[in-house]
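Below, each chain spelled out in residue letters.
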Amino acid sequence: MEPGSAEPPVAGARALHRAGGNPRLGLLLALATTLQWGFLSIALKLLLDGLDAFTITWYRLTAAALVLAAWQARRGRLPRPWRLARSSWLLLAVALAGLVGNYVLFVVSLEYVSPATAQVVIQLAPMLFLLGGLVVFREPFSRLQWVGLVVLVGGLALFFNDRLPALVRLSGQEAVGAAIVVVAGVVWAGYALAQKQLLTELSSVNILLLVYAGSAVALLPLARPAAVTGLSGFELGLLVFCTLNTLGAYGCFAEALAHWEASRVSAVIALTPLVTILAILWLAPLWPELEMAAGLDAVGLGGAAVVVVGSVMAALGGRPRLRRTGGRGGARGAA
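Residues numbered from 1 in each chain as written. Predicted model: local features only at pLDDT ≥ 70, side-chain atom pairs only at ≥ 80, totals over all residues. Heavy atoms only, no water.

Participant: Looking at this structure, how should I read the overall build of the chain?
Facilitator: Tallying secondary structure elements over the chain gives 13 helices and zero strands in all. Along its sequence from the N terminus, the chain presents helices and strands in the succession α-α-α-α-α-α-α-α-α-α-α-α-α. Counted over contacts in the chain with a minimum sequence separation of 6, partners at least 24 positions apart contribute 92%. For the chain, the exposed area adds up to about 14,400 Å²; of that, 70% sits on carbon and sulfur atoms. (Helix = DSSP H or I, 4+ residues; strand = E, 2+ residues; numbered from the N terminus. Contact = heavy atoms within 4.5 Å. Areas by Shrake-Rupley, 256 points an atom, 1.4 Å probe, with all protein chains shown as cover.)

Here's what the structure looks like:
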């Protein structure tokens, strides 16, 4: 999906990134991201019995960086960061800090709240990303999409109707956990917006490679790599799954941004908590420690349908006429 292998020369003012390519592929990639993230919080919750948050995150990022480096080296498309503009280095720093912060904080939050609660609160992230796509990248958003966004938010409220009072009255450990998830969501939105703009100079694969490698180095002093020797076979399997999820989910997410607007991608990944809840319904008999709440009531089931409808409207709503801003700008990087 990467046209060419050379990085473009850096000159002049930077244009904002504009999505291009195949919108249908962008939709499929966003759906793939949603499915993978929906299962991730459950695996992380179970893995916390054997490893701490810093070590889990370090293994995920290190393995992902090594795999991507080997892949790009074989294709002769390793990044050449020395050719990047100074502003791109700043964006890389923002992306690195945002991704590390999100990874670590989200895992830490699972020590205080259930995966279902964490996925509810973390929806702040795609909403902030959606707004960022509209404000920062001036992406078009039709009236139908605005209606879909309102429907989506209302559907989430209905879906979690039995949990909303508990979230509002959070106290003790749950309050700490919810606050941690909020911060994780905010820093993730910063990461996602920085990554989208970096697509003007780098391919999605090389952005992830640089961010993963830098994050792994930054986390090494806080990680305990030797602790992996004490894991059971099942826990090792969970760690492998989380690592593959890092490659798959973020790879799909990064490519989705190259093909589709941030606002549309974020509307699709707002379905992630539904995937998590349904996965917990399926897995709870095997792992009661997931602390799944009682089955959904009729209002919750209706809310699930409303969320799907709202997400489809927000993601696929009619495209309005673009505002004239001096051209589309921002050709996709080919590094």
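Participant: Would you explain the nonpolar core in this entry?
Facilitator: As a rule of thumb, soluble globular proteins bury nonpolar side chains together. Membership of the largest hydrophobic core comes to 93 residues, with the highest contact counts inside it found for Trp188, Tyr191, Tyr212, Tyr250 and Phe253. The element that contributes the greatest number of residues to this core is helix H10 (residues 233–259), accounting for 11 residues. For Phe253, the residues in contact, after removing those within four places along its chain, are Thr33, Trp37, Phe129, Trp188, Tyr191, Ala192, Gln195, Val265 and Ile269. (Core = buried A, V, L, I, M, F, W, Y, C linked by side-chain atoms within 4.5 Å. Buried < 20%, exposed > 50% of the residue type's maximum accessible area, 1.4 Å probe, protein only.)

Participant: Would you explain the pattern of salt bridges in this entry?
Facilitator: Oppositely charged side chains can form a pair if their charged atoms are brought close together. Summed over the entire model, instances satisfying the criterion amount to two salt bridges. Between Arg224 and Asp52 there is a salt bridge, and its shortest N-O distance comes to 3.2 Å. Remark: Asp52 occurs in the loop between helix H1 (23–47) and helix H2 (53–75) and Arg224 occurs in the loop between helix H9 (204–219) and H10; sequence separation between them is 172 residues. A salt bridge links Arg264 to Glu261, with the nearest nitrogen and oxygen atoms 3.3 Å apart. (Salt bridge = Lys/Arg side-chain N within 4 Å of Asp/Glu carboxyl O.)

Participant: Looking at this structure, how should I read the side chain of Asn102?
Facilitator: Within the secondary structure, Asn102 is located in helix H3 (residues 86–109). When neighbours within four sequence positions are excluded, Asn102 is seen to be in contact with Ile122, Ala184, Val187, Trp188 and Tyr250.

Participant: Help me out: how do you make sense of the environment of Arg83 in this one?
Facilitator: By the secondary structure assignment, Arg83 is in the loop between H2 and H3. Separated by 118 residues in sequence, Arg83 and Glu201 have C-alpha atoms that sit 9.6 Å apart.

Participant: Please clarify how helix H12 (residues 272–283) should be interpreted in this entry.
Facilitator: Every α-helix carries 3.6 residues per turn, so stepping three or four residues along brings you back to the same face. The first and last C-alpha atoms of H12 sit 16 Å apart over 12 residues, in line with the 16 Å expected at 1.5 Å per residue. Among the 12 residues in H12, nine count as buried, and that is most of the element. Looking at H12, one finds that the buried residues are Thr272, Pro273, Leu274, Val275, Thr276, Ile277, Ala279, Ile280 and Leu283. (Expected span 1.5 Å × (residues − 1).)

Participant: Got a minute to help me understand the packing of H3 against helix H8 (residues 173–198) in this structure?
Facilitator: Pairs of packed helices are described in terms of their axes, by the angle between the two and the distance that separates them. Closest axis-to-axis distance for the H3/H8 pair is 7 Å, and the angle between their directions is 150°. Between H3 and H8, the interaxial angle falls into the category roughly antiparallel. Crossing geometry of H3 relative to H8 is assigned as left-handed. Here the residues of the contact of H3 with H8 sort into 17 nonpolar, eight polar and no charged. (Axes fitted to C-alpha atoms, helices over the stretch in contact; angles between N-to-C directions. Parallel < 35°, antiparallel > 145°, perpendicular 65-115°, else oblique. Left-handed = near helix turned anticlockwise from the far one by under 90°. Nonpolar A, V, L, I, M, F, W, Y, C, P; charged D, E, K, R; others polar.)

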